[in-house]
Amino acid sequence: MHKSIKISALAVVTAGSLIAGSAMAEIKIGVAGPHTGPYAAFGMQLWKGASQAAKDINAAGGINGEMIVLVKGDDRCEPKEAVSVANRMADQDGVAAVVGHFCSSSSIPASVVYDEAGVFMITPASTNPTVTDRGLPGVFRACGRDDQQGIVAGEYIVNTLKAKSVAIIHDKDTYGQGLADATKNTLNGLGVTEVLYEGLTRGEKDFNALVTKIKSTKAEVVYFGGLHSEAGPLVRQMREQGLTALFISGDGIVSQDFVTAAGGASFVEGVLMTFGADPTSYPAGAEAVASFKASGYEPEGYTMYSYTAMQVVAAAMNGAKSNDGMKAAAWLHANGNIATAMGSKSFDSKGDLTVSDYVMYEWKDGNYAEK
Amino acid sequence: MNIKHSFLDAFVAAILATIVFGPIMGIVLDGYSFNLDVPRVAIIVGIIFVGRFVFQLTISTQGGRDFFQQFEKGRAGSIEVTDPGIKTVLAKAIPFIMLAAAILPFFIGKYWITILILAYIYILLGLGLNIVVGLAGLLDLGFVAFYAIGAYGLALGSEYLGIGFWIALPMSAILAASFGAILGFPVLRMHGDYLAIVTLGFGEIIRLVLNNWSAFTHGPNGASAPPATLFNLEFKRTAAEGYTPFHEFFNIDYNSTHRYIFIYLLVLIAVAFALRLKHRLVKMPIGRAWEALRENEIACRSLGMNHVTIKLSAFMMGAAIAGVAGVFFAAKDGFVNPASFSFIESALILAIVVLGGLGSTVGVVIAALLVILIPEVMREFSEYRYLVFGLLMVIMMIIRPRGLITIKRDRKFSTKGEGAVVETKQGEGAA
Amino acid sequence: MDSLAIILQQLVNGLTLGSVYGLIAIGYTMVYGIIGMINFAHGDLYMVSAYLTAIFLALLSFFGIDSLPVVLFLTLLGTMAITGVYGWVIERVAYRPLRNSTRLAPLISAIGISFVLQEYVRINQGSNDQGIPALLFGAVRVPVGNDFFQITYSQILIIVVSLLGMGLLTYVIQKTELGRQCRATQMDRKMSGILGIHTDRIISTVFVIGAAMGAVAGVLVTLNYGSFNFSSGFIIGIKAFTAAVLGGIGSLPGAMLGGIVLGMAESLFSGLVNTDYKDVFAFGLLVTVMIFKPSGLLGKPAVEKV
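What counts and how
- Residues numbered from 1 in each chain as written.
- Chains lettered and ligands numbered in written order.
- Predicted model: local features only at pLDDT ≥ 70, side-chain atom pairs only at ≥ 80, totals over all residues.
- Heavy atoms only, no water.
- Helix = DSSP H or I, 4+ residues; strand = E, 2+ residues; numbered from the N terminus.
- Buried < 20%, exposed > 50% of the residue type's maximum accessible area, 1.4 Å probe, protein only.
- Contact = heavy atoms within 4.5 Å.
- Areas by Shrake-Rupley, 256 points an atom, 1.4 Å probe, with all protein chains shown as cover.
- Phe/Tyr/Trp six-rings, centres within 6.5 Å; stacked < 30°, edge-to-face > 60°.
- Domains from an automatic or database assignment.
- Buried area = accessible area lost by both parts, 1.4 Å probe.
- Salt bridge = Lys/Arg side-chain N within 4 Å of Asp/Glu carboxyl O.
- Polar contact = N/O pair within 3.5 Å; in protein donor to acceptor, adjacent residues only side chain to side chain.
- Nonpolar A, V, L, I, M, F, W, Y, C, P; charged D, E, K, R; others polar.
- Pairing = 2+ DSSP bridges.
- Axes fitted to C-alpha atoms, helices over the stretch in contact; angles between N-to-C directions.

Asker: Can you break down the overall build of chain B residue by residue, with the values?
Answerer: For chain B, the count of helices and strands is 17 helices and nine strands. Out of the 431 residues in chain B, the part that is buried amounts to 52%. Taking the contacts inside chain B whose residues are at least 6 apart along the sequence as the reference set, 75% of them involve residues at least 24 apart. As presented, chain B carries roughly 18,800 Å² of accessible surface, and 69% of it is formed by carbon and sulfur atoms.

Here it is, written out as structure tokens:
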């Protein structure tokens, strides 16, 4: 065990090589997410965003004069691993705060561990309402909630598209089904009853039977709650079967991988999705975006959210003048208007953002743009 | 030493390595085009060439052959028979090991306590499956279903029936055992691998129902489970209505580690109990009957043994232990989700039983500790940990196909010919 | 949509899916038939072949070969060859040393290999979804009443190539010297050895054939569905294994029949009843068939020797 601690210290130093040669006091902050496993693409977005933010904050003097050292925690998006990682970060690595996790099903059990240990947690990506609804004081969310996202999608379908028949498909997972349910509730509230509400199996590629079924319902709009791995083949098979219904989804498809998964830009043409107002478009974040691009990395998806989450951690700790997670959390609940790379942010009593900024995006020529 | 032969052999290995590793390692897909990465192919092919060359050279000498031959011995299919009444060193050491395990959590951090709790839960699962696969010879690939039933028994039981940890413990065991009976009854007339696939199907059905039946189980959102209590004392900073927190009752400072130490000790007691149970069972008629049935079903039936009740009892016993393990798992995390009960878990539990040595109790304990601790220790190598884990599984099987510990059997009477070895079909019947 | 058209469309969907299951099931059933081992890593070999397909397509387009039939043929051939080598190497390294040990040892070794293959591909190729551009466009549309059902060209390709592959394999196993040796080894390995059959070589051959058939499925599925990632072999592997058992494990026609039955069942249940419980139905069907016909649809009932 002694040896393993040494190695871990070494790994931390390597990971934190961005702060090379600093002899100052250090504050450890965890970045937890799926760094391996099927969702590693999102884990990388979290890591890139957090690393860049840590680098920039350190350059500006760190947190209460201490330099940030990042600790990587891999949960593979499995609840069991998430709990292990959370315990490890809280207990062994002794982190003061955690940016993560990615999957809602990981964030929920992990947040209990952080709460017990008094660690400040802010998730840049878990949108399931339960994450903050349990009222844990140290849990924050730097992104929107599924119910907010569902309202935007539902209202858009009814008010803008004037659609009468909507098929709702989800991937039977915490995120996907939660999003689909939120949209369904909004639709029902506006007097539209869905013509189909069913779940597909994650990891499969053949959805032809489901597509034929959607076709038989004559749906004008297909709403999908899930991630790009399934959304891609689904939209492709819809188009191949001659089904031209509008395809709408949420922030789970915000990645160039969606185009790859669909087999070409022609299949995703016209697909709509809800996502926070372009995270790279804020004037305050222009510098950060530029430094990402300079290093040859396109800050897509959750990268900027992760960057912002790290800034919030720093702001809360600097504001509370303490590296204690609970004190920082109390300060953040009491004070608002944190300046971040994504504009000014305030948090409500549950730890959610006070303003939700979901807007509709459209895929065109293999890229997405605000509609 | 035959250098030319070794060289040729290594050359063939290098060509194969180029074919196998070349495309996947050397041509990295990037959108619809690709990037070349020749150096890493060259490195791995070089390693394989040199490795194979050295290996061939070594085994062409007498000393080298002897060195590799000693691994061959482990492959011989045999059960060692020991004289009755002999207490092994291990048997004498058990009280001390238990004592050490009991005081261990007071010296290590919370992180390691939670890892050990998980490892102990897998020991329980391994012991349960060991009864089904190791003793009764019924290959069960859906064992995780009973684990899930136990875990959801606590979570949903507390939600709908308001029961707590202590009532859920026996209730989940009974529930899991009943499911074992329901599954076991129709499928037990099947043999070997057919049984395996049907149990696999059963395991998947349970998981899918837990995932799909949102109205009852909350589907993928998972359900929260109540923590364990000590005589109604809760291990929380502030207890729920009508409960007193543990730290207030004893007038000590709140420490979240207490809760884990408490669960740790409970699981340890459960493991000790399960070990004792297994130890007694194999000496009882029912345990003997399981093993007899595994070795030769037809002979047993000709002797008038009721194969259905015997198999069913093994199935139910294993399921009940898994149910208990499930309750501990739910109480530890405070949250259950269908994602924790996928087929991979069944495969891991089976791996524990086989790596440990079919039927061997000590083996299961060691293997469970290894299977849980290795990936955790290897967190340092984060990227490669499951690759190394998979490799270790393969290497373990090649070096010790009968598992870490091959089972020893007490002879009924002392006979001549010390250390005689009996041929056995063990494992044959299990597959 | 016309309800007849819907049912016909679902049958086409089921047939396509079933052919893929059948092709992969061959790998499971042949290996099981000859050494009585469940090769859990087979689904991951299929996944490797999907990557190889994309790599070959990328290479061929890089070298400027763009005649579609040539590209498809070369890709199929190359992928089958390399996946075959994978099958051979895995058998040689991970299974052959366990030939004479317990029957569970190779199973665990196979689970280990499955982990290794997935992680090996992930580390080298990344965890992102990969894909190939759509190559085959268009479909045959058959009018039914005032509606139509359709079968795309790539679906036709899947069904035709699967049937051809099956036919060819059946011919090899039933009519050739190699096939006779395979069948002999399957019946009695010891006796075949005594009669001069190189049984180790035959077993290797079976692994190569199984892997190559999995590769055919990999190429076809990749062409049809376009995308894959390092974990995509898992679910389809379990389904194909289910198909193999459903049809009677060890039986070659059984694998194909089991695949098509499973594909049809999934498609029809998903289309007419409920997609959520599609897999529950598939596994329920398996359990039911097993209870009434314990050795599968076309499997020979196990003879109990007394």
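Asker: Can you tell me about the packing of aromatic side chains, naming the residues and giving the values?
Answerer: All names here are of chain B. Inspection of every chain in the model, using the stated rule, returns 43 aromatic pairs over all chains. Ring centres 6.4 Å apart and planes at 90° place the aromatic pair F146 and F315 in the edge-to-face group. Taken together, the residues F146 in helix α6 (residues 144-161) and F315 in helix α14 (residues 307-333) connect sequence positions 169 residues apart. Summarising the burial analysis for this pair, F146 and F315 share the class buried.

Asker: Account for the domain arrangement of chain A, naming residues and giving values.
Answerer: Residues and elements named next belong to chain A. Considered domain by domain, chain A is made up of domain 1 (2-143 + 281-345) and domain 2 (146-270). Distance from the C-alpha centre of domain 1 to the C-alpha centre of domain 2: 31 Å. Between domain 1 and domain 2, the contact holds 12 residues from the first and 14 residues from the second. Here domain 1 and domain 2 share an interface that buries about 1,100 Å² over both sides, 48% of which is from carbon and sulfur atoms. For the domain 1 face of the interface with domain 2, the top three residues by lost area are Y39, F42 and T127, together amounting to 40%. Inspection of the region where domain 1 meets domain 2 yields zero salt bridges. Connecting domain 1 to domain 2 are four residue pairs in polar contact (both at pLDDT 80 or more). Counting only elements with at least two residues in the side of domain 1 that touches domain 2, the list comes to α2 (40-59) and α4 (104-117). The element that contributes the greatest number of residues to the side of domain 1 that touches domain 2 is α2, accounting for three residues. In terms of residue class, the side of domain 1 that touches domain 2 is built from five nonpolar, six polar and one charged.

Asker: Which residues make up the interface of chain C and chain B, and what are the values?
Answerer: Listed as interface residues are 68 residues of chain C and, on the opposing side, 61 residues of chain B. Where chain C abuts chain B, roughly 5,900 Å² becomes buried across the two surfaces, and 77% of that area is made up of carbon and sulfur atoms. Across the chain C-chain B interface, the total number found is zero salt bridges. Looking at the side of chain C that touches chain B, the elements with two or more residues in it are α2 (42-62), α3 (68-95), α4 (104-125), β1 (130-131), α9 (233-247) and α11 (278-292) of chain C.

Asker: Can you tell me about the pattern of salt bridges, naming the residues and giving the values?
Answerer: Counted by the stated rule, this structure contains 34 salt bridges over all chains. Between D133 of chain A and K350 of chain A there is a salt bridge whose closest N-O contact spans 3.0 Å. Here K350 of chain A lies in the loop between β12 (343-345) and β13 (358-364) and D133 of chain A lies in helix α5 (residues 130-133), a separation of 217 residues in the sequence. With relative accessibility at 38%, the residue D133 of chain A sits in the partly exposed group. Among the ionic pairs, R99 of chain C bridges to E91 of chain C, the shortest N-O distance being 2.2 Å. Across the pair, exposure class does not vary: R99 of chain C and E91 of chain C are buried alike. Connected via shared salt-bridge partners are D133, R141, R145, D147, K350 and D352 of chain A.

Asker: Could you give me a rundown of the sheet that holds strand β5 (residues 139-141) of chain A, with the residues and numbers involved?
Answerer: Residues and elements named next belong to chain A. Here five strands make up an open sheet; going across it, the order is β2-β1-β3-β4-β5 and the pairing parallel. Two strands in the sheet have a free side with no partner beyond their single neighbour: β2 (67-74) and β5. Strand-to-strand twist of the sheet, defined as the mean angle between neighbouring strand axes without regard to direction, takes the value 25°. As defined by bridge partners, strand β1 (residues 26-33) adjoins β2 across eight bridges and the pair is classed as parallel. By the bridge assignment for β2, K28 is matched with V69. The strands that helix α14 (residues 325-334) touches are β4 (120-123) and β5; relative to β4, the one it contacts most, it runs at about 55°.

Asker: Give me the environment of R99 of chain C: which residues, what numbers.
Answerer: Residues and elements named next belong to chain C. In this structure, R99 sits in the loop between α3 and α4. A relative accessible area of 15% places R99 in the buried class. The sequence separation of R99 and K293 amounts to 194 residues, and the corresponding C-alpha distance is 30 Å. When sequence neighbours within four positions are dropped, the list of residues in contact with R99 reads I35, E91, R189, D200 and I203. Only 2.6 Å separates the side chain of R99 from the side chain of D200, close enough to count as a polar contact.

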